[in-house]
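Structure at a glance
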Amino acid sequence: MARPVNLLYRLYERRLKRELDKSVPVPRHVGVITDGNRRWAKEFGATTADGHRAGAAKIVEFLGWCFEIDVEIVTLYVLSKENLARSAEEVAILIEIISDLVEKIAALDGVGVQLVGDLDILPDDLRARLEAVTTNTNDCGMRVNVAVGYGGRQEIVNAVKSLLRARRGEGTDLETIISELSPEQIGEHLYTKGQPDPDLIIRSSGEQRLSGFLMWQSAYSEFYFCEAYWPDFRRTDFLRAVRDYGLRQRRFGK
């Protein structure tokens, strides 16, 4: 029975792709919360490490799908600040898998890598390997932001601190800083400064929450929640998410 099912999926994918090619607008910036690796592993009797490796392999595949339809920016939520509080054994596994993953992404043709997160809280070996493969994203076909050691609240705190230090360095007094403070100024000190906010945020595994992901930047993003665990996320699911996004009427709060 597997062959007919696979054939149907391929035909459905072609139909979705034709719809996107004709009239459906493609998001410029896609954020993705790659959730469900551990539950996928447990369900299939695999180890936690196997789940994380399957999730990493899916990320590389996912980037190919994004490149295929001309998405310009992808932000991947791969390691939250809270994830670092897991067991020492699992964190060690995550460090190795994420390091290998980012090196693979950096090696992809036409892809530039940027790290977003509080790198100071990362283990030294992980930070060193990640920083070594960070690339110039200005002259690339697709920019990939890898969110590691990331927390949305902490990003905003760090942005405000950076802004205050910069204004103080200019000799600006506190009352002037307060009176002139604006969302645009804070935005200039976020990890994703200079980039457009995400148009579409996808989360796998059936969970319907952001978990602190791009809290500032996602104010007017469209969200798509998929039941599949991340290792099982298919090209069909991605194309369906993009089509769903394209059929929505974005109002940006107006």
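Rules and cut-offs
In every chain, residue numbers begin from 1 and rise along the written sequence. In keeping with the model being predicted, local features are shown solely for residues with a pLDDT of at least 70 and side-chain atom pairs are shown and tallied solely at 80 or more, while totals for entire chains, interfaces and linings include all residues. Side-chain numbers come from the whole structure's heavy atoms, not from hydrogens or water. Only protein chains enter the accessibility calculation, which uses a 1.4 Å probe. A residue is then buried if its area is under 20% of the maximum for its type, exposed if over 50%, and partly exposed in between. Comment: elements are numbered from the N terminus, with helices defined as DSSP H or I runs of at least four residues and strands as E runs of at least two. In short, DSSP must find at least two bridges between two strands for them to pair. As used here, the term nonpolar core means buried Ala, Val, Leu, Ile, Met, Phe, Trp, Tyr and Cys residues forming a set that is joined through side-chain atoms within 4.5 Å. We call two residues in contact whenever any of their non-hydrogen atoms come within 4.5 Å of each other. Here, axes are lines fitted to C-alpha atoms. For helices the fit covers the stretch in contact, and angles between N-to-C directions go from 0 to 180 degrees. Here, a salt bridge means any Lys or Arg side-chain nitrogen found within 4 Å of an Asp or Glu carboxyl oxygen. This arc describes the spread of directions from the helix axis toward the C-beta atoms. Pairing of aromatic side chains here covers Phe, Tyr and the six-membered ring of Trp, requires ring centres within 6.5 Å, and sorts the geometry by plane angle: under 30 degrees stacked, over 60 edge-to-face, intermediate tilted.

Moving on to the pairing of strand E4 (residues 142-150). Most of E4 sits inside the fold, with 9 of its 9 residues counted as buried. Where strand E2 (residues 73-80) lies against E4, 7 bridges are found, and the strand directions are parallel. Considered in E4, the bridge of leucine 76 is made with valine 146. Bridge count between strand E3 (residues 111-116) and E4: 6 bridges; the pairing is parallel.

Another point: the nonpolar core. Within the largest apolar cluster, 46 residues are counted, with the highest numbers of intra-cluster contacts made by Phe62 and Phe238. Looking at which element gives the most residues to this core, the answer is helix H4 (residues 88-107), with 8 residues. Leave out the neighbours within four places in its chain, and phenylalanine 62 touches Val30, Val32, Val74, Trp230, Phe233 and Phe238. Counting residues in each nonpolar core, the second largest holds 9 residues, with Tyr77, Val116, Tyr191 and Phe213 among its members.

In this section: the sheet that holds strand E6 (residues 222-225). Read across the sheet, 6 strands follow the order E3-E4-E2-E1-E5-E6 without closing on themselves; strand pairing throughout is parallel. Where the open sheet ends on each side, the last strands, each with one partner, are E3 and E6. Here the average twist between neighbouring strands, direction ignored, is 20°. Of the strand pairs in this sheet, strand E1 (residues 29-33) and strand E5 (residues 200-203) are connected by 4 bridges, and their pairing is parallel. Paired with valine 32 across the two strands is isoleucine 202, which belongs to E5.

Glancing now at the pattern of salt bridges. Side chains carrying opposite charge are able to pair once their charged atoms draw close together. In this structure the tally under the stated criterion is 22 salt bridges. We note a salt bridge from aspartate 100 to arginine 129, for which the minimum N-O separation is 2.8 Å. Of this pair, aspartate 100 sits in helix H4 while arginine 129 sits in helix H5 (residues 124-133); the two residues are 29 residues apart in sequence, bridging distant segments of the chain. Note that glutamate 170 is salt-bridged to arginine 167, the shortest N-O span being 3.1 Å. Where salt bridges share partners, they join Asp35, Arg39, Arg203, Glu207 and Arg209 into one cluster.

Time to look at unusual backbone geometry. At aspartate 70, a residue that is not glycine, the phi angle is positive and equals roughly 70°. Along the polypeptide, aspartate 70 turns up in the loop between helix H3 (48-68) and E2. Given the relative accessible area of 61%, aspartate 70 is considered exposed.

Before going further, it helps to examine H5. Looking at H5, one finds that the buried residues are Leu126, Leu130 and Val133. Mapping the buried residues of H5 onto a view down its axis gives an arc of 70°, with all of them on the same face. Those residues of H5 that are exposed and aimed more than 90 degrees away from the buried face are Asp124 and Ala132.

Below, the discussion takes up the environment of leucine 79. As for its placement among the helices and strands, leucine 79 is situated in strand E2. What makes leucine 79 buried here is its relative accessible area of 2%. Considering only alpha carbons, one finds leucine 79 and glycine 117, 38 residues apart in sequence, at a separation of 9.1 Å. In contact with leucine 79, not counting residues within four places along its chain, are Leu84, Leu94, Ile98, Leu122, Leu126, Ala147, Val148, Gly149 and Tyr150.

For the structure on display, the rule yields 14 aromatic pairs. With 5.9 Å between their ring centres and 65° between their planes, tyrosine 150 and tyrosine 191 make a pair best called edge-to-face. In this pair, tyrosine 150 sits in strand E4 while tyrosine 191 sits in the loop between helix H8 (183-187) and E5, placing the two residues 41 residues apart along the sequence. Tyrosine 191 sits in the buried class, given a relative accessible area of 19%. Each member of the aromatic cluster is reached from another via a ring pair, and the members are Phe62, Trp65, Trp230, Phe233 and Phe238.

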